[in-house]
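Residue-level structural notes
Single-letter residue listing:
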Amino acid sequence: MESEDLRLVRAALAGDQRSFAELVSRHERYVFAVVSRHVPRDHVEEVAHEAFVHAYLSLANYRSDAPFKHWLATIAVRRCYDFYRARRRREVPLSELSSDGLELCDAILAPRSADEARRNADQEEARQILGLVLERLSPEDRMVVTLIHVDQRSVKEAAELLGWTAVNVKVRAFRARRQLRRLIEELDGPGAPAGTDHDEEQTDGSK
Amino acid sequence: MMKNKPTDRSDRILESLFSAAREDPPPSPREGFADAVTRSIATMRANASADGRSDDRIGAWRRYAFVSVAAAVAACGVAFIAVEPLSPADVEMRVDAELLGNVLFF
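Residues numbered from 1 in each chain as written. Chains lettered and ligands numbered in written order. Predicted model: local features only at pLDDT ≥ 70, side-chain atom pairs only at ≥ 80, totals over all residues. Heavy atoms only, no water.

**What about the pattern of salt bridges?**
Put simply, the rule is: Salt bridge criterion: a side-chain nitrogen from Lys or Arg within 4 Å of a carboxyl oxygen from Asp or Glu. Only protein chains enter the accessibility calculation, which uses a 1.4 Å probe; a residue is then buried when its area is under 20% of its type maximum, exposed when over 50%, and partly exposed in between. For the purposes of this entry, the term helix denotes a DSSP run of H or I that reaches at least four residues, the term strand denotes a run of E that reaches at least two, and both are numbered from the N terminus.
Counted according to the given criterion, the structure contains 16 salt bridges over all chains. Between R142 of chain A and E135 of chain A there is a salt bridge, and its shortest N-O distance comes to 3.7 Å. As far as burial versus exposure is concerned, R142 of chain A and E135 of chain A are alike and both buried. With its nearest N and O atoms 3.5 Å apart, the salt bridge here joins R181 of chain A to D11 of chain B. Linking R181 of chain A in helix α10 (residues 166-188) with D11 of chain B in helix α1 (residues 6-23), this pair reaches from one chain into another. No difference in accessibility class separates R181 of chain A from D11 of chain B, as the two residues are buried. Residues joined in a network through salt bridges with shared partners are R177 and R181 of chain A together with D11 and E15 of chain B.

Here it is in structure tokens:
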């Protein structure tokens, strides 16, 4: 499989366009899967397309010691990051949620087990709510959160994909998670218990 | 009984949102996606080579202009020397005169 990729890479570098088309066909599903974790559905094709064009332009830099798929994933993740950097962050008020979205929030926010909440959560609506809260993060924090919590990559893997240090990724992941918790508490309404770290310590009674 | 931390609740919600996003199947590439990518690469390469040709044309004109000017200056120098041959003594005298002029007037 990998040696076939390598053969196609070499042929593409020698100027054979059909070999590159073959590489795209072999990996398009994987790249779509990677990209769709990060960018909205209506932009997945555009970003995946850019990723493949960029891969073609950087093909000479590909080192055969790593699988071609991993190299492609790195390019795809960085194009997703570029997508958010290029796009101005949209501060959408949480009140902009549709009535369906609010109902789903209520369903999720109702006191019950996580499993039950997940069963009840309609995936598309959940995606919308997640998109809405992620929209409030910086492009960097958003990428880290998606890679670690949605894609379930390790800190090391996320750092490699983004080309950052593991410490940077770890710090960003911690801060972004805290910010997301606050946003969820904001959604929960003023009557809900406050979710600051200070309150957490007091309620816990551990201090 | 231990009271739930307030952040436990939001953590649970976040986890359920993350897991819903994980379970969401990725979209499939449309038919002909690979062809569209290779077409745009071909177009990009064609544009790049057209730009390269245009750059080559500009480069050729610049080279031509530079060589023409250099040849004209060289021709003037040769003509001047040929018309008015100077002995080393003349050159020295002329340089001295220029130096004196510079000292007097500046």
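**Side note on the nonpolar core**
Put simply, the rule is: We define the nonpolar core as a collection of buried residues of types Ala, Val, Leu, Ile, Met, Phe, Trp, Tyr and Cys that are connected through side-chain atoms lying within 4.5 Å of one another. Should any heavy atoms of two residues lie within 4.5 Å, those residues are counted as being in contact.
In this structure, F20, V31, V35, V39 and F68 of chain A are the most contacted members of the largest nonpolar core, which totals 48 residues. Elements with a contribution of two residues or more to this core: α1 (2-13), α2 (17-36), α3 (41-57), α4 (68-86), α8 (139-150), α9 (155-162) and α10 of chain A together with α2 (33-83) of chain B. No other element matches the eleven residues that α4 of chain A contributes to this core. Sequence-distant contacts of F20 of chain A, that is, excluding residues within four places in its chain, are made with A12, F52, Y56 and L59 of chain A together with V37, T38 and I41 of chain B. Formed by 19 residues, the second largest nonpolar core is a distinct cluster that contains I129, L130, V133 and L134 of chain A.

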